Amino acid sequence: MGLLSKISASFLLAMAAPSLGYPTRNQSYTNPLFPGWHSDPTCAYVPEQDTFFCVTSTFIAFPGLPLYASRDLQNWKLASNIFNRPSQIPDLRITDGQQSGIYAPTLRYHEGKFYLIVSYLGPQTKGLLFTSSDPYDDAAWSDPLEFAVHGIDPNIFWDNDGTVYVTSADNQMIQQYTLDLKTGAIGPVDYLWNGTGGVWPEGPHVYKKDGYYYLMIAEGGTELGHSETMARSRNRTGPWEPCPHNPLLSNKGTSEYFQTVGHADLFQDGNGNWWAVALSTRSGPEWKNYPMGRETVLAPATWKKGEWPVIQPVRGQMQGPFPRPNKGLPRGEGGWIKQPDEVDFRPGSSIPAHFLYWRYPKIGDFTVSPQDHPNTLRLTPSFYNLTGTADFKPDDGLSLVMRRQTDTLFMYTVDVSFDPKVADEEAGVTVFLTQQQHIDLGIVLLQTTDGLSLSFRFRVEGRGNYEGPLPGATVPVPKEWQGETIRLEIQAVSDTEYVFAAAPARHLAQKKVIGSANTLIVSGDTGRFTGSLVGAYATKNGGAGSTPAYISSWRYEGQGQMIDFGRVVPSY
């Protein structure tokens, strides 16, 4: 099916869908809306499709800028990855910071087209504007229009006369300037309102309503002082009147489980109801234990004519006027957010759209169902391990494939067929935050005084917010297991502990726990902007080996979401 046919089919399906323009009574729901690492959310409602779309930040992960779609604000599907090919951001190959890359996008829909505007922080900071008329197809997203962005967190806004403005944050100031959508040229800068005195005024969003320009920003930094504030003006450049009940949204100074609430966006549904999405960490005011990082939360809002918006405070359980349940999306590149992984890498299949790499993968190192090993993913080992060394370059690549940790409690397993021949060859599983913070269980061939020994090696890189002695263990693989496919397992048995185990895939009752680690190890520090991922890897550890690993029966199942201190609800 050609692109024009796809667009036509999508449009006809959308128009044929029954309207959701009548609400049910207030329904109870739980946060987070998008569990796991989903920071800096931005959303748009498309009336002619009666569909909501949201995007979050991805920094240096690839593919990036996931676009989620929903007809009912409750069931969300991965429609596409906006950043899905190297030609869109070549600089990712030379971006070395663990928290560099794609910062805080804004998604908007205007006259039949989707616009995603964002700053890319690499060797140089660039403004990027992606467009698409078909949100359900990766290939339909354009290579970006580049422009000279001022700082971070750009917002795109069309005024009534059609002029396009970008509003962004730079040098502790909110700045605005025109953008030519054909050439990328920007105009002179106007300095707008910089908030109520909190540090780091950023994340601006502009709305025009009832004859006012409303400017909503984040203040206080993306930590415990995070908050959302607003001002308005009859004129685009001010003077600005601050909202009398600022902050509009914040959990600062509270004892709530959900903290760091801010960097919000507002949107309206087909029934006239307003909603806010924001980022938050499930950390409590101690702000120490939050392995999933900054997640997306949803809060109902009201915004009466001529007045200020009022947003309900973020809690783990809330109520809102949702549309009736509807999972009738026409198509999409990926599956539903809240569903388990059951991936068997069957012949002819592809790596799932929600799987992630750390920067660009070397495509030849990831082969689905090779002829001699059907129903597996062949991982050709990378020279460097997950940490790398001082010689590691961003484009050297890691043989590492992951998915987000999306649940407080979960079970992740993968079967590994691996017959290493050379010392230091390794394949395993990991809880990965950054290259400086990860927890690994590998099958590794080690050189010992008695010769080569096949061993399980459990080791930790970094310590995050953990202050105790770091765990580690090296355990010989039982002789009767050698030559067998081995199941490696990571289980979050509580909100503070991961347990790593192994078993022969054909005799799971023989399972052995190899080690455990505190979730504080992958909280904060070098990964304060990101969140934990779980996945599989293969590496030479800088050695001379080249033995591939074959992984199969990839399974991830959520086993519980903590929504308040001591309160866990089912994941699905």
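Before reading further, recall that the structure is shown in the block above.
An account of the accompanying structure is given in this report. (Residues numbered from 1 in each chain as written. Predicted model: local features only at pLDDT ≥ 70, side-chain atom pairs only at ≥ 80, totals over all residues. Heavy atoms only, no water.)

**As for the sheet that holds strand β22 (residues 310–311)**
Put simply, the rule reads: A pair of strands is labelled paired if DSSP reports no fewer than 2 bridges between them. Secondary structure follows DSSP: runs of H or I at least 4 residues long count as helices, runs of E at least 2 residues long count as strands, and numbering of each begins at the N terminus.
The sheet built from four strands is open, its strands ordered β19-β20-β21-β22 with antiparallel pairing. The sheet is open, and its two edges are formed by β19 (258–268) and β22, each paired on a single side. The pairing of strand β20 (residues 274–282) with strand β21 (residues 295–302) spans seven bridges and is antiparallel. Bridging across to β21, L279 finds its partner in T296.

**Quick notes on the state of the cysteines**
Under the convention used in this document: Disulfides are defined as cysteine sulfur pairs within 2.5 Å. Residue burial is assigned from relative accessible area. The probe radius is 1.4 Å, only protein chains are included, and a residue is buried under 20% of its type maximum, exposed over 50%, and partly exposed in between.
Under the definition given, this model contains one disulfide. Here C43 engages in a disulfide with C54; their sulfurs sit 2.0 Å apart. An S-S torsion of about 105 degrees defines the bridge between C43 and C54 as right-handed. One end of the pair, C43, is in strand β2 (residues 42–46); the other, C54, is in strand β3 (residues 51–55), with 11 residues separating them in the sequence. For the pair C43 and C54, a shared accessibility class is recorded, and that class is buried.

**So, the environment of V477**
Keep this limit in mind: Should any heavy atoms of two residues lie within 4.5 Å, those residues are considered in contact.
Looking at the element boundaries, V477 is found in the loop between β33 (473–476) and β34 (486–492). The class for V477 is buried, based on a relative accessible area of 3%. When the C-alpha atoms of V477 and Q405 are compared, they prove to be 28 Å apart, with 72 residues separating the residues in sequence. When residues no more than four places from it in sequence are discounted, the contact partners of V477 are L454, S455, F456, Q482 and I486.

**Description of the pairing of β34**
Taking burial as the measure, the seven residues of β34 include six buried ones, the bulk of the element. Judged from the seven bridges that link them, strand β29 (residues 409–417) and β34 form a sheet pairing that is antiparallel. If you follow V414 over to β34, its bridge partner there is L488. When β34 meets strand β35 (residues 497–504), the two strands line up antiparallel, connected through seven bridges. Bridge assignment links I486 to a residue of β35, and that residue is P504.

**A look at the sheet that holds strand β9 (residues 125–132)**
The following threshold applies: Each axis is a line fitted through C-alpha atoms, and for a helix only the stretch in contact is used; angles between axes span 0 to 180 degrees, taken between their N-to-C directions.
One open sheet holds the four strands; their spatial order is β7-β8-β9-β10, and the pairing between them is antiparallel. The sheet terminates laterally at β7 (101–110) and β10 (145–147), the two strands that pair on one side only. Between one strand axis and the next, the sheet turns through 20 degrees on average, direction left out of account. Across eight bridges, strand β8 (residues 113–121) lies against β9 in antiparallel orientation. Paired with F114 across the bridge in β9 is S132.

**Focus on the environment of L508**
Along the chain, L508 turns up in the loop between β35 and β36 (512–518). Setting aside residues up to four positions removed in sequence, L508 forms contacts with R487 and A503.

**A closer look at the nonpolar core**
Nonpolar side chains tend toward joint burial in soluble globular proteins. We count it as follows: Residues grouped as a nonpolar core are buried Ala, Val, Leu, Ile, Met, Phe, Trp, Tyr and Cys residues, joined through side-chain atoms within 4.5 Å.
If you look at the biggest cluster of nonpolar residues, it comprises 104 residues, and the most contacted ones within it are W358, Y412, I439, F456 and W554. In this structure, I439 is in contact with V429, T430, V431, F458, R459, V460, Y498, F500, A517, N518, I521 and V522, ignoring residues within four places of it in sequence. In this structure, Y68, L248, V261 and W275 belong to the second largest nonpolar core, which totals 42 residues.

**Points about empty space enclosed by the protein**
By rolling a water-sized probe across the atoms, one finds the places where empty space is left. This is how it is decided: The method works on a 1 Å grid over the protein atoms by themselves. A cavity is a set of points holding a 1.4 Å probe that cannot get out, a pocket is an open set with protein on both sides within 12 Å along at least five of seven lines, and residues with an atom within 4 Å of a point line them. Grid points are joined across faces, edges and corners, and a volume is the space filled by probe spheres set on the points. Here the nonpolar group is Ala, Val, Leu, Ile, Met, Phe, Trp, Tyr, Cys and Pro; Asp, Glu, Lys and Arg are the charged ones; every other residue, Gly included, is treated as polar.
Applying the stated criterion across every chain, the model contains six cavities of 30 Å³ or more. Each pocket or cavity is described by its volume, and for the largest cavity that value is around 50 Å³. Taken together, V416, S417, F418, I443, L454, W481, Q482, G483, E484 and I486 make up the lining of the largest cavity. Considering only residue class, the lining of the largest cavity consists of six nonpolar, three polar and one charged.

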